[in-house]
Amino acid sequence: MISYERPIRFEEVDAARIVFFGRYLFYAHEAMENFFAGLEGGYARLILERGVGLPAVDVRSEFTAPARYGDRLLIETTTARLGNRSAQLRYRMKRATSGELCATVLHTVVTTHLAEMRSVDMPADVRAIFAAHLE
């Protein structure tokens, strides 16, 4: 598991004063970038220099408690499933102060050659990170 903590900002809440549901996907992507920080050059180099992407093919969310402006969100990222060309990440988003679960996001990605937009086998270093955090 790789943990990532971030504050909830004012612009991320809606008129009900809770995090707008669509923001949780943004948080998941931030956590995914953090998940791959161990790659040489991080997630940015994977995309920009190596031309390997991990586009989403399926995303599912479950919301269990509201997060509010001023909260700190702790996002725990694990690999729920690992294939040859795809993987599923699980993000457990908790209120950092209490540990209360606010949301769970399941995010399936496919390793993609970005110039050709076709699936490819997962590079060994990417697979190693997924495998190291397999549930």
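Above this text you will find the structure in question.
Below is a short write-up of the structure. All values derive from a computational prediction rather than experimental measurement. (Residues numbered from 1 in each chain as written. Predicted model: local features only at pLDDT ≥ 70, side-chain atom pairs only at ≥ 80, totals over all residues. Heavy atoms only, no water.)

1. Focus: a nonpolar patch on the surface
A contiguous nonpolar patch, built from Phe20, Phe21 and Phe63 and spanning about 330 Å² of accessible area, is present on the exposed surface. Secondary-structure assignment places Phe20 in the loop between strand E1 (2–7) and helix H1 (23–35). Note on Phe20: relative accessible area 41%, which makes it partly exposed. (Patch = residues over 30% accessible without salt bridge, like charges linked within 9 Å, V, L, I, M, F, W, Y side chains within 5 Å. Areas by Shrake-Rupley, 256 points an atom, 1.4 Å probe, with all protein chains shown as cover. Salt bridge = Lys/Arg side-chain N within 4 Å of Asp/Glu carboxyl O. Helix = DSSP H or I, 4+ residues; strand = E, 2+ residues; numbered from the N terminus. Buried < 20%, exposed > 50% of the residue type's maximum accessible area, 1.4 Å probe, protein only.)

2. Topic: unusual backbone geometry
Positive phi is not limited to glycine here, since Arg17 has a value of about 70°. Among the secondary structure elements, Arg17 is positioned in the loop between E1 and H1. Classification of Arg17 by relative accessible area gives exposed; the value is 66%. Phi at Met117 is positive, roughly 50°, even though this residue is not glycine. Tracing the backbone through its elements, the reader meets Met117 in the loop between strand E7 (112–113) and strand E8 (118–119). Accessibility expressed as a relative area gives 58% for Met117, which makes it exposed.

3. Considering the packing of aromatic side chains
Counted under the stated rule, the structure contains eight aromatic pairs. Ring geometry for Phe35 against Phe130: centres 5.9 Å apart, planes inclined by 45°, an arrangement best described as tilted. With Phe35 in helix H1 and Phe130 in helix H3 (residues 124–132), the pair connects residues that are 95 residues apart, well separated along the chain. Accessibility expressed as a relative area gives 1% for Phe35, which makes it buried. (Phe/Tyr/Trp six-rings, centres within 6.5 Å; stacked < 30°, edge-to-face > 60°.)

4. Focus: the sheet that holds E7
Spatially, the three strands line up as an open sheet ordered E2-E7-E8, and their pairing is antiparallel. Each having just a single partner strand, strand E2 (52–53) and E8 make up the two edges of the open sheet. Summarising the sheet, E2 and E7 pair through two bridges and their orientation is antiparallel. Residue pairing in the sheet places Gly53 in a bridge with Thr112 of E7. (Pairing = 2+ DSSP bridges.)

5. Overview of the side chain of Thr112
Tracing the sequence through the fold places Thr112 in strand E7. Since its relative accessible area comes to 6%, Thr112 is described here as buried. A polar side-chain atom of Thr112 sits 2.9 Å from the main-chain carbonyl oxygen of Val110. The contacts of Thr112, once residues within four sequence positions are left out, are Gly51, Val52, Gly53, Pro55, Met117, Arg118, Ser119 and Val120. (Polar contact = N/O pair within 3.5 Å; in protein donor to acceptor, adjacent residues only side chain to side chain. Contact = heavy atoms within 4.5 Å.)

6. Examining H3
Along H3, the residues that are buried comprise Val126, Ile129 and Phe130. Buried residues along H3 cover an arc of 100° about the axis, so they all sit on one side. Within H3, the exposed residues directed more than 90 degrees away from the buried face are Ala124 and Ala132. Contact partners of the buried residues in H3: H1, helix H2 (42–48), strand E4 (72–82), strand E5 (86–95) and strand E6 (101–110). (Arc of directions from axis to C-beta.)

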